[in-house]
Amino acid sequence: MIPEKETKIEKDDSQEGKYGSFGLFDLAHFFNRIIKNWYWFILMLFIGYCMAWVYSKYYAQNIYASNLSLSISNNTSSYFTPSQSINFIWGQGGNQDGIYLKKMLLSRTHNEFLVKELELYVNYSTKGIIKSTYLDKDDVPILLEVDKKHLQQMDYPITLVPKSNNKFEVVLPEDGHSRNLYSYETEGFTTVDPYDRPDNRTIEIGEWFTAPNLRFRLVKNPIIQKIDLQNIIVKLSTVNNAVQDIVSTIGVDFDKEIGTIMIITKRGYNLNGTVNFLNKSVSELQKKRQADKLIVDKNTNAYLQENLDNVRKKLDSSAYVLNYMKTTEKLYDIKDRDEKSLNKIKELESKKADLESKISSLRHMKNSLASQNLEKMISTTAAGFQDGVFSATISELKDLYLKRREMARIYKPNSEPMIEINKLINDARANSNGVLGNYYSDYLEEIAKINREVMQANSDLTTYPEKERKYLDAERGYNMIEATYNSLLSRQNETQLKIVGNQSDISVIDPAKNIGQAPIAPNIKVVKAGIIGGLLILPMLFILIGELLDNRIRNIKELLNATRIPLLGVIGNNTNETMLTVLDQPKSSVSEAFRGIRANMRFLAGSDRGSKVILVTSSIGGEGKTYVSINLASVLGLSDKKTILLGMDLRKPKIFGDFRIDNKYGISNYLTGEVEMSQIINKTKIPNLDVATSGPIPPNPSELLMGESNIRFIQDLKSLYDFIIIDSPPVGLVADSYELMKYSDTNIYVVRHEYTEKYMLKMITEKYHNGETGNLGLVYNDYNTKQGYGYGYGYGYGYGYGYGYFDEDKNYKEPLLIRIRNKVREIFNKK
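Residues numbered from 1 in each chain as written. Predicted model: local features only at pLDDT ≥ 70, side-chain atom pairs only at ≥ 80, totals over all residues. Heavy atoms only, no water.

Counting across every chain of the model gives 14 aromatic pairs. A ring pair is formed by Y39 and W40, whose centres lie 6.0 Å apart and whose planes are at 45°; its orientation type is tilted. Under the relative-accessibility criterion, Y39 is labelled partly exposed at 42%. Centroid distance W53 to Y58: 6.1 Å. Interplanar angle 80°. Geometry classified as edge-to-face. According to the relative accessible area criterion, W53 is partly exposed, its value standing at 41%. Y58 gets classed as partly exposed once you look at its relative accessible area, which sits at 31%. Three or more aromatic residues link up through ring pairs in this structure, and these residues are Y121, Y182, Y184 and F189. (Phe/Tyr/Trp six-rings, centres within 6.5 Å; stacked < 30°, edge-to-face > 60°. Buried < 20%, exposed > 50% of the residue type's maximum accessible area, 1.4 Å probe, protein only.)

Shown next, in the form of structure tokens:
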């Protein structure tokens, strides 16, 4: 920005609050630093790739999953394999049978049976140089058979090393043998007396290995192995831990379209192990399901058989009495029999016998409920009815009994959970008894009705003689017992047909199978991306922290927005060996930048004034204040303006070295009256440029600069020179420069790229906007062109042409990114 003529800027409180306030984060510079440090990202990428490869090759434990799908039929009638549940009673629907099966699959009882049946408490693995691999029992040449009567140590690695002639060396850890041993019979731990570490030894297949904390033998696996293992590591776990581990790896879902199809998933470190477990689990569930369905039918068959035996005895006794009367009393041929009445009585008494048999079944069912012995419950068909509510209630009651037994291990009898479960049991039992009571009442009413009809029919037989009536009574008794026997026999036949035709209502659609499934975890791609991404973030994080902690000026646009001070020009990096850039390289872009500053200064001081006093200062040392002073004075001197450069930084003299001037006498000597003015003014190679060095460092530099002698010195020089350039002390360290600004026409404040701290500009910004310092302009020094032209802003002088335009810059090589950008522009600008 080239400053306009001085204009009055209206200020309000909101503007004043923004002066000197810089942004916390410079996004453009952040990305630029990332590009500059590209090699760190390449290094981290390489390291991350190597780490990810090592992880996936040697450390990642693959997790596999196998699936099994089955179908559940809804034709079950058993209390213990319910197609309905207590929800049926309250009018609720859903796949209750499937939920029941899901609970069975995840139940402790079912999985504990599988753990013991498959000996899943014995865990096999093998170890390479780095990585351990979990094995299924089908993957090892020998199996470890545990002596369940002997105490065993859990999680104690037993290494089996194959030797010749079917022998294996048993290698135990050097330490870690425990006194707390586990019994597979009681499923509890026992503390034993101290013992020495068991010795390693070689055993044959079938030979027992006995130690205080172990007893086992090796059994040859009937499945032939294709891979020779260098070692087999066996660890024992408790039954409870094995069950918990298995349950945590089982998932059960239902098909979204067909709710009776169940999909069971098993996860594990070994694919064969998951396949074998699923198939065995469902096979056992089918057997259990089929056995549960048979419980009621077998109970019913046994109950009916017992009744048949009793009725058969009565029938034989009644037949004997009837035959006796026929043979002795000759009553088998009664004349004028009322066959109609007799047949009616026979029919009614057959119905009564059937009802009494059903009532007997109801009493048996009520007794089973009262004794809480649901395993002896008979089918409702034995009592002559089918009732879904009753079946669902019995099933729910059995589940409640099981739940109460489990809760009794945890809660006290009078605790709130136990009170609640007892209430649910009483409610379910009351519902069941209520259903049976209703049928019992109905049967009694029917029997009473039959009795009335029988009494009416008997009135027609009163005309028979006593002997004949006695015979008819015996015949009716026989017929009633025979009807009861036939009714029981018919129901038994039905029950036996159900037993013979019993099938599991679970059918496997797709069994679990090893088809070379890929592991489901860990996701190697995600892990690799995480490792590589994490390492790539490290250098970015360091750069980010550096950016947040770095408070230096590096953005011209942000500088101008924060200070609202005019910018006179931008000076590039000085590649010259001395600070005399304008003299040594007059045709360089840096020299041209100083000429641009010379042109822009007229907008600050005004052209109607004669001699101009130009004060150059900065925040601290090292920002290029003296460098700007020397070259600005050189530019003015070369433009045929009589110029003098004053070294008034009395605490740190500099300018004499580059001009090769003796600093024995200088301004400090003149201000103390030791020498005359002519003795401190030195000529340079530029005819119109003189230099007055600072001289020896005085003990009181502030007093000398603020004294009347210095003011008169500047006034005297005004009559001799067109321009007076004052190289003053930094304002961030001493206040001398602020006092000298009262006598200057133009004030130049030097800000060095990536050197000047942001907070250092707060004081000069406040003074400028408060009117305490006038005619102030900024010079941005040591700008690094490798960051790109017009970084944050665009400027004319100094960077408008770019390096390579001037003679001294002809060998300059632009940065790669700039060359790429220019090439792209060239391509798209072609017509």
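On we go from here.
Moving on to the pairing of strand β22 (residues 746-752). With six of seven residues buried, β22 is to be regarded as a mostly interior element. In the sheet, strand β17 (residues 612-618) pairs with β22 via five bridges, with the strands oriented parallel. Bridge pairing in β22 links I614 to T746. With six bridges joining them, β22 and strand β23 (residues 776-783) adopt parallel strand pairing. In the strand pairing of β23, I748 is matched with G777. (Helix = DSSP H or I, 4+ residues; strand = E, 2+ residues; numbered from the N terminus. Pairing = 2+ DSSP bridges.)

Moving on, we get to the pattern of salt bridges. The tally for this structure, following the rule as stated, stands at 29 salt bridges. A salt bridge links K423 to D427; the nearest nitrogen and oxygen atoms lie 3.3 Å apart. Placement of the pair is K423 and D427 together in helix α11 (residues 416-458), with a separation of four residues, close to one helical turn. On the basis of relative accessible area, K423 is assigned to the partly exposed category, the value being 46%. Judged by relative accessible area, D427 falls into the partly exposed class, the value being 36%. Connected through shared salt-bridge partners, R108, E112, K116 and E187 make up one network. (Salt bridge = Lys/Arg side-chain N within 4 Å of Asp/Glu carboxyl O.)

This part covers the sheet that holds strand β3 (residues 132-135). Note on sheets: strands pair through backbone hydrogen bonds, and any given pair is parallel or antiparallel. One open sheet accounts for six strands, arranged β3-β2-β12-β5-β6-β9; its pairing is antiparallel. Looking at which strands have only one partner, the edges of the open sheet turn out to be β3 and β9 (201-204). When strand polarity is set aside, the average angle formed by the axes of neighbouring strands in this sheet is 30°. Bridge count between strand β5 (residues 158-162) and strand β12 (residues 232-236): three bridges; the pairing is antiparallel. (Axes fitted to C-alpha atoms, helices over the stretch in contact; angles between N-to-C directions.)

This part takes up the sheet that holds strand β19 (residues 681-683). If you trace the eight strands from one edge of the open sheet to the other, you get β16-β23-β22-β17-β21-β18-β20-β19, paired in mixed fashion. Two strands close off the open sheet at either side, each with one partner strand: β16 (567-572) and β19. Shown here is a sheet whose adjacent strand axes are inclined to one another by a mean of 25°, direction ignored. Contacts between helix α16 (residues 589-600) and the sheet are confined to β16 and β23, with β16 contributing the most and set at about 170° to the helix. Helix α22 (residues 708-718) rests against β17, β18 (643-647), β19 and β21 (723-727) of the sheet, and its axis sits at about 145° to β21. (Contact = heavy atoms within 4.5 Å.)

The geometry of helix α6 (residues 108-118) relative to helix α7 (residues 239-247) is characterised by a closest axis approach of 9 Å and an angle of 115° between their N-to-C directions. In this view, α6 runs roughly perpendicular relative to α7, as classed from their interaxial angle. Where α6 crosses over α7, the handedness of that crossing is right-handed. Facing α6, whose interface residues are R108, N111, E112, V115 and K116, α7 presents V239, N240, A242, V243, I246 and V247. For the contact of α6 with α7, the per-class residue count stands at six nonpolar, two polar and three charged. (Parallel < 35°, antiparallel > 145°, perpendicular 65-115°, else oblique. Left-handed = near helix turned anticlockwise from the far one by under 90°. Nonpolar A, V, L, I, M, F, W, Y, C, P; charged D, E, K, R; others polar.)

Turning our attention to the side chain of T249. Its location among the elements puts T249 in the loop between α7 and β13 (250-254). In terms of polar contacts, T249 uses its side chain to reach the backbone carbonyl oxygen of I246, at 2.8 Å. (Polar contact = N/O pair within 3.5 Å; in protein donor to acceptor, adjacent residues only side chain to side chain.)

Our next topic: the packing of α16 against helix α18 (residues 625-638). Helices that pack against each other are described as a pair by the angle of their axes relative to one another and the distance between those axes. Axis separation between α16 and α18 bottoms out at 9 Å; the angle between their running directions is 75°. The orientation of α16 with respect to α18, classified from their angle, is roughly perpendicular. Residues V590, F594, R595, I597 and R598 of α16 lie in contact with α18, whose contacting residues are Y627, V628, N631, L632, V635 and L636. Partitioned by chemical class, the residues of the contact of α16 with α18 number eight nonpolar, one polar and two charged.

Here the focus is the side chain of N781. Looking at the element boundaries, N781 is found in strand β23. Apart from residues lying up to four places away in sequence, N781 is in contact with I571, G572, E623, G624, Y627, V750, V751, R752 and H753.

Bringing the confidence of the model for the chain into the picture now. Per-chain confidence: the chain averages 82 in pLDDT, with 85% of residues scoring 70 or above. Low confidence marks residues 1-15, where pLDDT is under 50. Its contacts with residues over four positions away, or in another chain, come to 25 contacts. Counting contacts from residues 82-94, a segment whose pLDDT is below 50, to residues more than four positions away or on other chains yields 21 contacts. (pLDDT = per-residue confidence, 0-100.)

Where a protein is soluble and globular, its nonpolar side chains tend to be buried together. Counting 53 residues, the largest nonpolar core has Y124, L160, F216 and I264 as its most contacted members. Looking at this core element by element, the count peaks at five residues for helix α8 (residues 271-328). If sequence neighbours within four positions are ignored, F216 has contacts with L144, E145, V146, I158, V170, I203, E207, W208 and F209. If you look at the next biggest cluster of nonpolar residues, it comprises 43 residues, including V613, L615, F713 and I726. (Core = buried A, V, L, I, M, F, W, Y, C linked by side-chain atoms within 4.5 Å.)

Quick look at the environment of M407 now. Tracing the sequence through the fold places M407 in helix α10 (residues 388-408). Assessed through its relative accessible area of 12%, M407 is described here as buried. Distance in space between the C-alpha atoms of M407 and I421 is 9.0 Å, their sequence separation being 14 residues. Ignoring anything within four residues of it in the chain, the contact list for M407 reads P417, M418 and I421.

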